[in-house]
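Here is how the chains run, residue by residue.
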Amino acid sequence: EAGVAQSPRYKIIEKRQSVAFWCNPISGHATLYWYQQILGQGPKLLIQFQNNGVVDDSQLPKDRFSAERLKGVDSTLKIQPAKLEDSAVYLCASSSPFSGNYEQYFGPGTRLTVT
Amino acid sequence: SQQGEEDPQALSIQEGENATMNCSYKTSINNLQWYRQNSGRGLVHLILIRSNEREKHSGRLRVTLDTSKKSSSLLITASRAADTASYFCVNAGNNRKLIWGLGTSLAVNP
């Protein structure tokens, strides 16, 4: 089966600009996650969707970050405006609730550099 | 917030030796998962242990769970250079929320 797809793979922007990332989960996976991983640190969960509903967005900086999953399939994560500290890899993952385990499958990530 | 804690934070061993990493957690779990991250293959799920299990094996991996101590350990036997990576434990709670540890960086020297 096809894995989790993300685009773009790399993005360089200036601070105060906007950026959007796209994720297409594994077919049939109802749960979708966005993570931020700063170099040298572990992944930080930004938002978790179950279908098109939000399960957890407690660590999403809502003043500048937004995410949507309108049709319960693919998702976009937006940063507006970007700050230098947003430089990180943004990872998307999906899991199937049918297993009951929430084992996550990760995409390759988008490396964002804010200058 | 990330409540899990792995120790050690960094571990360096020789090829062929065993590597043991520990994880402590604070909130109740439905299951606990271990992931590996290296530059070549990104983040990959390794093994999962349910809250009612005490030990599980998968190839060269052995994971244990002690719910009374809220801790888990991951043992990699006969390590290889390709095992060089960061290893994370993830607390998958009953509320569907996931809590990641800070990771152990493992270096396996040829």
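Residues numbered from 1 in each chain as written. Chains lettered and ligands numbered in written order. Predicted model: local features only at pLDDT ≥ 70, side-chain atom pairs only at ≥ 80, totals over all residues. Heavy atoms only, no water.

1. Brief notes about the pattern of salt bridges
All names here are of chain B.
Here is step 1: Inspection of the entire model under this criterion finds 5 salt bridges over all chains.
Here is step 2: Ionic pairing is found between K56 and E53, a salt bridge with its closest N-O pair at 4.0 Å.
Here is step 3: Given the relative accessible area of 29%, K56 is considered partly exposed.
Here is step 4: In this structure, R60 engages D83 in a salt bridge whose closest nitrogen and oxygen atoms are separated by 2.9 Å. In this pair, R60 is assigned in the loop between β6 (55–58) and β7 (61–66) and D83 in the loop between β8 (71–76) and β9 (85–92), connecting sequence segments 23 residues apart.
Here is step 5: Judged by its relative accessible area of 22%, R60 is partly exposed. (Salt bridge = Lys/Arg side-chain N within 4 Å of Asp/Glu carboxyl O. Buried < 20%, exposed > 50% of the residue type's maximum accessible area, 1.4 Å probe, protein only. Helix = DSSP H or I, 4+ residues; strand = E, 2+ residues; numbered from the N terminus.)

2. Focus on the sheet that holds strand β8 (residues 75–79) of chain A
The strands making up a sheet are joined through hydrogen bonds of the backbone, oriented either antiparallel or parallel.
Residue and element names in this part refer to chain A.
Here is step 1: Strand order in this open sheet of 4 strands is β1-β3-β8-β7, and the pairing throughout is antiparallel. Each edge of the open sheet carries a strand with a single partner, namely β1 (5–7) and β7 (65–68). Strand-to-strand twist in this sheet, taken as the mean axis angle between neighbours without regard to direction, amounts to 15°.
Here is step 2: Of the strand pairs in this sheet, β1 and strand β3 (residues 19–24) are connected by 3 bridges, and their pairing is antiparallel. (Pairing = 2+ DSSP bridges. Axes fitted to C-alpha atoms, helices over the stretch in contact; angles between N-to-C directions.)

3. Some words on the interface of chain A and chain B
Here is step 1: Opposite the 20 residues of chain A that make contact, chain B presents 20 residues.
Here is step 2: Area buried by chain A at its contact with chain B is led by P43, N101 and Y102 of chain A, which between them contribute 30% of it.
Here is step 3: One can count 3 residue pairs in polar contact (both at pLDDT 80 or more) joining chain A with chain B.
Here is step 4: Those elements that provide at least two residues to the side of chain A that touches chain B are β4 (31–37), β5 (44–50) and β6 (53–56) of chain A.
Here is step 5: Tallying contributions element by element places β5 of chain A first for the side of chain A that touches chain B, with 4 residues.
Here is step 6: For the side of chain A that touches chain B, the class distribution of residues is 8 nonpolar, 9 polar and 3 charged. (Contact = heavy atoms within 4.5 Å. Buried area = accessible area lost by both parts, 1.4 Å probe. Polar contact = N/O pair within 3.5 Å; in protein donor to acceptor, adjacent residues only side chain to side chain. Nonpolar A, V, L, I, M, F, W, Y, C, P; charged D, E, K, R; others polar.)

4. What to know about the pairing of strand β5 (residues 42–50) of chain B
Residue and element names in this part refer to chain B.
Here is step 1: Of all 9 residues that make up β5, 7 are buried, and the element is covered over most of its length.
Here is step 2: Of the strand pairs in this sheet, strand β4 (residues 31–38) and β5 are connected by 8 bridges, and their pairing is antiparallel. Looking at β5, one finds that W34 is bridged to I47.

5. Structural notes on the confidence of the model for chain B
Here is step 1: Looking at chain B as a whole, its pLDDT mean stands at 89, while 93% of the residues score no less than 70.
Here is step 2: Model confidence for chain B, summarised as mean pLDDT per element, is weakest for strand β1 (residues 5–7) of chain B at 71 and strongest for β7 of chain B at 97. (pLDDT = per-residue confidence, 0-100.)

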